Amino acid sequence: MPEGHILHRLARLHQRRYAGAPVAVSSPQGRFESDAAVVDGRPLLRAEAWGKHLFHRYAGGPIVHVHLGIYGHFTEFARPDDGLPEPVGQVRMRMVGAQYGTDLRGPAACEVVDEAQVAEVIARLGPDPLRADADPAPAYRRIAKSRKSIAALLMDQSVLAGVGNVYRSEVLFRHRIDPYRPGTAIGEAQFAAIWADLVSLMKIGLRRGSIVVVRPEDDHGAPAYAAGKPRTYVYRRAGEPCRVCGTAVRTAELEGRNVFWCPACQGGESTP
């Protein structure tokens, strides 16, 4: 599932390419057809993201809400002079402006909503480290009262919005925190450091389009877990030596997702 910086990148791209002018919106697949008709031909006023949610705000009030989920993705294309390209695959939504177009496939949600419904979505989300108006205090209050593991809490979108599996595993390594440590054992200063690091790391991801988490002095040795990806400390490196101490990286399933950690660098308070 895309992490929050991807949605913010999409919001910036769509703002730059489509905002301020009417856009044609359709649903080649048909599943979004009636909602597409509501916004088709209207000017797009603003595109913005909150966590893993994308909102396209149109003149007159309607808002398209998109959640990519696991399989959703946008494909951008330049608008040719000789007509639009035929849709490829199951395109839920096609949005076309004067120079560019984009096709959305496989989202978990694609719907027209109003301001009250947007407010309901946002009310279910925690602070987003990439939003300038984010207040981390409510997130810490939730964490400090919970006996759940910090790794689970960081992935809970109602606690922090936009943090996914890569960022949670990596930020816990960077701060030498056992992923199984309960939220009640995370101090306020420790959380403040985690939050500040997430803000910094996710801004890099927003700017570069990829998750860069390894400090320059550790950026050597074994290649990244996949071609074209920057190195990680622990994410998807189970069984490989830690880049800092050489201990084998471990992994385990935690609430349906795999978490990765170094048992030496991150302690062993409650790790299985």
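Residues numbered from 1 in each chain as written. Predicted model: local features only at pLDDT ≥ 70, side-chain atom pairs only at ≥ 80, totals over all residues. Heavy atoms only, no water.

Structural notes on the packing of helix H6 (residues 165–174) against helix H7 (residues 188–208)
So, point 1. At a minimum axis distance of 10 Å, the contact between H6 and H7 shows a crossing angle of 130°. Taken together, the axes of H6 and H7 are oblique relative to one another. Our pair here, H6 against H7, has a crossing hand that is right-handed. Between H6, through Tyr167, Val171 and Arg174, and H7, the contact on the second element is made entirely by Ile194, Asp197, Leu198, Leu201, Met202 and Gly205.
So, point 2. Split into classes, the residues belonging to the contact of H6 with H7 amount to six nonpolar, one polar and two charged. (Axes fitted to C-alpha atoms, helices over the stretch in contact; angles between N-to-C directions. Helix = DSSP H or I, 4+ residues; strand = E, 2+ residues; numbered from the N terminus. Parallel < 35°, antiparallel > 145°, perpendicular 65-115°, else oblique. Left-handed = near helix turned anticlockwise from the far one by under 90°. Contact = heavy atoms within 4.5 Å. Nonpolar A, V, L, I, M, F, W, Y, C, P; charged D, E, K, R; others polar.)

With respect to the sheet that holds strand E6 (residues 91–96)
Strand pairs in the sheet, formed through backbone hydrogen bonds, run parallel or antiparallel to each other.
So, point 1. Spatially, E1-E6-E7-E5 is the arrangement adopted by the four strands of the open sheet, whose pairing is antiparallel. Two strands bound the open sheet, and with one partner strand each, they are strand E1 (24–26) and strand E5 (73–78). Between one strand axis and the next, the sheet turns through 15° on average, direction left out of account.
So, point 2. Pairing of E6 with strand E7 (residues 100–105) involves five bridges; the strand directions are antiparallel. Within E7, the residue paired with Val96 across the bridge is Gly101.
So, point 3. Across the sheet, helix H1 (residues 4–18) lies against E5, E6 and E7, angled at about 30° from E5, the strand it touches most. (Pairing = 2+ DSSP bridges.)

Some remarks on the domain arrangement of the chain
So, point 1. As far as domains go, the chain holds domain 1 (4–124) and domain 2 (136–261).
So, point 2. Each of domain 1 and domain 2 has a C-alpha centre, and the two are 30 Å apart.
So, point 3. Residue-level contacts link 10 residues of domain 1 with 15 residues of domain 2.
So, point 4. Between domain 1 and domain 2, roughly 830 Å² of surface is buried when both sides are summed, and carbon and sulfur atoms account for 62% of that area.
So, point 5. The three residues of domain 1 that bury the most area against domain 2 are His5, Arg9 and Lys52, which together make up 59% of that side's buried surface.
So, point 6. In this assembly, domain 1 and domain 2 are joined by zero salt bridges.
So, point 7. In this assembly, domain 1 and domain 2 are joined by three residue pairs in polar contact (both at pLDDT 80 or more). (Domains from an automatic or database assignment. Buried area = accessible area lost by both parts, 1.4 Å probe. Salt bridge = Lys/Arg side-chain N within 4 Å of Asp/Glu carboxyl O. Polar contact = N/O pair within 3.5 Å; in protein donor to acceptor, adjacent residues only side chain to side chain.)

A look at the sheet that holds strand E8 (residues 109–113)
So, point 1. If you walk across this open sheet you meet the four strands as E2-E3-E4-E8, and the pairing is antiparallel. Unpaired on one side and paired on the other, strand E2 (44–50) and E8 mark the two borders of the sheet. Mean inter-strand twist for the sheet, computed between neighbouring axes without regard to direction, equals 15°.
So, point 2. With five bridges joining them, strand E3 (residues 53–58) and strand E4 (residues 63–67) adopt antiparallel strand pairing. Note on E4: the bridge partner recorded for Arg57 is Ile63.
So, point 3. Sheet contacts for H1: E2 and E3; angle to E2, the most-contacted strand, approximately 170°.
So, point 4. Against the sheet, helix H3 (residues 115–123) engages E2, E3, E4 and E8, with an angle of about 160° to E3.

Points about the pattern of salt bridges
So, point 1. Inspection of every chain in the model, using the stated rule, returns 12 salt bridges.
So, point 2. Between Asp219 and Arg231 there is a salt bridge whose closest N-O contact spans 3.2 Å. On the criterion of sequence distance, the pair formed by Asp219 in the loop between H7 and strand E9 (250–254) and Arg231 in the loop between H7 and E9 is long-range, its members being 12 residues apart.
So, point 3. Between Glu240 and Arg237 there is a salt bridge whose closest N-O contact spans 3.2 Å.
So, point 4. The exposure class of Arg237 is buried, given its relative accessible area of 2%.
So, point 5. Because the salt bridges share partners, they merge into one network encompassing Arg46, Glu48, Arg57 and Glu115. (Buried < 20%, exposed > 50% of the residue type's maximum accessible area, 1.4 Å probe, protein only.)

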